[in-house]
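# What the coordinates show
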Amino acid sequence: MKAIIFNGAMERRLHSTPVLLSNYLSERLDEMGIENQIFNLADAGIPLFDTALTEVPHSVEVMNQQFLEADVHFWLAPLYHGSIPGAMKNCLDWLEVSSKAPIPYLTDKNIGMICWADGIQAMQGINTMDAIAKALRAWPVPFSAPLVRSTLFEAENPTEITAANKEKLNLLVNLATSRKVEVRETFVPVAG
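Note that the structure is predicted; figures quoted are calculated from it, not measured.

Attention shifts here to the overall build of the chain. Looking only at helices and strands, the chain features six helices and six strands. When its helices and strands are written in sequence order, the chain yields β-α-β-α-α-β-α-β-α-β-β-α. By the compact-globule yardstick of 16 Å for 192 residues, the chain fits well, its C-alpha radius of gyration being 17 Å. Considered along the principal axes of its C-alpha atoms, the chain spans approximately 60 × 50 × 35 Å. Here the chain, with 192 residues, has 45% of them falling under the buried criterion. When contacts within the chain are restricted to residue pairs at least 6 apart in sequence, those whose partners lie at least 24 apart make up 76%. Within the structure as shown, the chain displays about 10,500 Å² of accessible surface, and the carbon and sulfur contribution to it stands at 54%. For the chain, the distance from the average site of its 15 positive side-chain charges to the average site of its 22 negative ones is 5 Å.

Moving on to the packing of aromatic side chains. A full pass over the atoms with the stated rule returns five aromatic pairs. Each ring, one from F6 and one from F39, has its centre 5.8 Å from the other, and the planes form 65°; the classification is edge-to-face. Linking F6 in strand β1 (residues 2–7) with F39 in strand β2 (residues 35–40), this pair joins segments that are 33 residues apart in sequence. In this structure, F6 and F39 share a single accessibility class: buried. Each ring, one from F49 and one from W94, has its centre 5.1 Å from the other, and the planes form 85°; the classification is edge-to-face. Here the residue F49 occupies a position in the loop between α2 (41–44) and α3 (58–69), and W94 occupies one in the loop between α4 (86–93) and β4 (110–117), the gap between them amounting to 45 residues. Taken together through their ring pairs, the aromatic side chains of F6, F39, F67 and W75 make up a single cluster.

Moving on: the pattern of salt bridges. For the structure on display, the rule yields seven salt bridges. In this structure, R13 and E11 form a salt bridge, with 2.5 Å as the shortest nitrogen-oxygen distance. Given a relative accessible area of 55%, R13 falls into the exposed group. Look at E11 and you get partly exposed, because its relative accessible area is 22%.

Burial runs high along strand β3 (residues 72–78): seven of the seven residues are buried. Taking every second residue as pointing to the same face, both faces of β3 are buried, with V72, F74, L76 and P78 on one and H73, W75 and A77 on the other. With five bridges joining them, β1 and β3 adopt parallel strand pairing. From the neighbouring strand, I4 faces β3, where its bridge partner is H73. The pairing of β3 with β4 spans seven bridges and is parallel.

Turning our eyes to something else, we now look at the nonpolar core. Core analysis: the largest hydrophobic core is formed by 32 residues, its most contacted members being F39 and W75. Elements with a contribution of two residues or more to this core: β1, α2, α3, β3, α4, β4 and α5 (123–135). For F39, the residues in contact, after removing those within four places along its chain, are I4, I5, F6, N7, A44, I46, M63, Q66, F67 and C91. Formed by 23 residues, the second largest nonpolar core is a distinct cluster that contains L21, L29, I34 and F74.

Thresholds applied
- Position numbers for residues start from 1 in each chain and track the written sequence from start to end.
- In keeping with the model being predicted, local features are shown solely for residues with a pLDDT of at least 70 and side-chain atom pairs are shown and tallied solely at 80 or more, while totals for entire chains, interfaces and linings include all residues.
- Only hydrogens and water are set aside; all other atoms, that is, all heavy atoms of the structure, feed into the side-chain values.
- To qualify as a helix, a DSSP run of H or I must reach at least 4 residues; to qualify as a strand, a run of E must reach at least 2; elements of each kind are numbered from the N terminus.
- Radius of gyration here is computed from C-alpha atoms only, and the compact-globule reference equals 2.2 Å multiplied by the residue count raised to the power 0.38.
- Buried, partly exposed and exposed residues are distinguished by accessible area as a fraction of the type maximum, computed with a 1.4 Å probe on protein chains only: under 20%, between the cut-offs, and over 50%, respectively.
- Throughout, a residue-residue contact means that at least one pair of heavy atoms, one from each residue, lies within 4.5 Å.
- Surface accessibility follows the Shrake-Rupley procedure with a 1.4 Å probe radius. Residue values consider only the protein chains on display as shielding.
- Only four residue types enter the tally: Lys and Arg on the positive side, Asp and Glu on the negative side, with His and both chain ends excluded.
- In plain terms, the charge of a residue is placed at NZ if it is Lys, CZ if Arg, CG if Asp and CD if Glu.
- Two aromatic rings from Phe, Tyr or Trp, using only the six-membered ring of Trp, form a pair when their centres are within 6.5 Å; if the ring planes differ by under 30 degrees the pair is stacked, by over 60 it is edge-to-face, and anything between is tilted.
- In what follows, salt bridge is the name for a side-chain nitrogen of Lys or Arg lying within 4 Å of a carboxyl oxygen of Asp or Glu.
- We call two strands paired when DSSP finds no fewer than two bridges between them.
- In this text, buried Ala, Val, Leu, Ile, Met, Phe, Trp, Tyr and Cys residues form a nonpolar core when linked through side-chain atoms within 4.5 Å.

Okay, here's the thing in structure tokens:
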């Protein structure tokens, strides 16, 4: 099994929320023996989605390969003005280049979703990611982690995720990696 951690934030600071969350997930997956990689959108060089381009940009080819090879995804995003960052949506739009592949988009991939906000509205970002994942033919994990930024880290150690939030993240990882969706090859209606 391969996993990808899609950090959809545009932050590069070493101790930023998305970096700390991505690293925690990667460590947890390592402990489980699951091959994983972190895809940092801020470092990926993904251009604006443009259907008029005659050649697919190299950064987009690399991103598509990494996203399609992973069996399970973990999408992380801050809530920006009621939704995920536009750059994250733009990146996911580039999966359109896989539309003619034998197994297009993110067909049958499990997607675990994490969103954080300063208030209690992080679920809005989860709802957006859920809709996108379904449109890309993926399976959103039936548990997500909407997080309140002010309670995400220990007060005395602002780089340590609280035990309660680690518990949520661990449950998400366990559910996302516990089973693979199997698709039937044919559908035979039952006569009634």
